[in-house]
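Okay, here's what each chain looks like letter by letter:
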Amino acid sequence: KNQILLKKKESYSLFKEFSFSKAIDLLNFIIVEDKKDYMCFFLLGTSYLHIKNLDLSEKNLKTSIKLNKDYYDSAHNLGVVNQLKGNFTEAINLFIRALELKPNSLGSLTQLAEVYEKTKSYDKAKQYYETSLGIDNKNLKANKGMARICIKFGYHKQGLQYLQKSTGLIRFNDKNFEIIT
C-alpha cells in the first residue's frame, strides 16, 4: 500500500511536470494494483490526451467517470477527446455535464461554444461565447469565436472588435478602425 501511495505521488509529480510518457508508464502500473482510484484513471486519460492518443484517453477517462461521475475534469477532458474525434453530440453532452458540475467554467463554456460553431449551431455558439465573455471579457478563444461568427454573418466591424480584443492589433474610434502593423 505504501509503495502504491509513493508511486501515485510520483506519477502526479510527473504529470505536473508535463512528463506524460513517464507518467503513463507509472500510472499503467498503478491501475493494475488499484483499479478503484478515479484520479489515477483521470491522470492516465489526460496524459494520453496530451500525447494525442485519443482512444486510450477516452477509455481511461470513461473509467474515471464510472468510478466518480461527479468529477468535473474527467467530464470536461472526455468532452475534449470527443470533440477532437468529431463525436460532436457526445462532446456537447459531456460539456453540458461538466457545466452542471462546475457552472461558469470558462473552459467548458468555450469548448461547448466551439462545438456548436463547428456543427453550425451558431445561435447556441454565440450564446455560450457571450456567457464566457460575461465572465471574462478577455477570453481569447471566446473573442476569436465571436469574431468568426460576427464576420460570417456580415457584422464585420463588430467581428473586428472581437478580434481586436483577442489580438490587440486593431484600434477603433467612432468613425473608423486601423490595423496596426
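Scroll up for the structure.
Below or above, wherever it landed, is the structure these notes cover. All figures in this text were calculated on a predicted structure; none of them were measured in a lab.

Attention now moves to the overall build of the chain. Summing up its helical and strand segments, the chain has 10 helices and 2 strands in all. Counting from the amino terminus, helix and strand elements in the chain follow one another as α-α-α-α-α-α-α-α-α-α-β-β. By its C-alpha atoms, the chain is 70 × 35 × 25 Å across when sized along the principal axes. Out of the 181 residues in the chain, the part that is buried amounts to 44%. By sequence separation, contacts in the chain at least 24 residues apart represent 37% of the contacts at least 6 residues apart. Total accessible area on the chain stands at roughly 10600 Å², and carbon and sulfur atoms take up 52% of it. Taken together, the 29 basic and 19 acidic charged side chains of the chain have centroids lying 2 Å from each other.

Within the secondary structure, Glu117 sits in helix α7 (residues 106-118). With a relative accessible area of 14%, Glu117 lands in the buried category. Apart from residues no more than four positions distant in its own chain, Glu117 is found in contact with Tyr122, Ala125, Tyr129, Gly145, Arg148 and Ile149. Among the polar contacts made by the side chain of Glu117, one reaches the side chain of Tyr129 at a distance of 2.6 Å.

Grouped together as the largest cluster of nonpolar side chains are 44 residues, with contacts concentrated most on Leu27, Leu112, Tyr128 and Tyr129. When near neighbours in sequence (up to four residues on either side) are disregarded, Tyr129 contacts Thr110, Ala113, Glu114, Glu117, Lys141, Ala142, Gly145, Met146, Arg148 and Ile149.

Orientation of helix α1 (residues 2-16) relative to helix α2 (residues 20-33), taken along the N-to-C sense of each, is 155°, at an axis distance of 9 Å. Judged by the inter-axis angle, α1 sits roughly antiparallel to α2. In the crossing of α1 with α2, the sense of the turn from one axis to the other is left-handed. When α1 is examined against α2, the residues Ile4, Lys7, Lys8, Glu10, Ser11, Leu14 and Phe15 are found in contact with a partner set consisting of Phe20, Lys22, Ala23, Leu26, Leu27, Phe29, Ile30 and Glu33. Partitioned by chemical class, the residues of the contact of α1 with α2 number 9 nonpolar, 1 polar and 5 charged.

Definitions and limits used
Residues numbered from 1 in each chain as written. Predicted model: local features only at pLDDT ≥ 70, side-chain atom pairs only at ≥ 80, totals over all residues. Heavy atoms only, no water. Helix = DSSP H or I, 4+ residues; strand = E, 2+ residues; numbered from the N terminus. Buried < 20%, exposed > 50% of the residue type's maximum accessible area, 1.4 Å probe, protein only. Contact = heavy atoms within 4.5 Å. Areas by Shrake-Rupley, 256 points an atom, 1.4 Å probe, with all protein chains shown as cover. Lys, Arg positive; Asp, Glu negative; His and termini not counted. Charge placed at Lys NZ, Arg CZ, Asp CG, Glu CD. Polar contact = N/O pair within 3.5 Å; in protein donor to acceptor, adjacent residues only side chain to side chain. Core = buried A, V, L, I, M, F, W, Y, C linked by side-chain atoms within 4.5 Å. Axes fitted to C-alpha atoms, helices over the stretch in contact; angles between N-to-C directions. Parallel < 35°, antiparallel > 145°, perpendicular 65-115°, else oblique. Left-handed = near helix turned anticlockwise from the far one by under 90°. Nonpolar A, V, L, I, M, F, W, Y, C, P; charged D, E, K, R; others polar.

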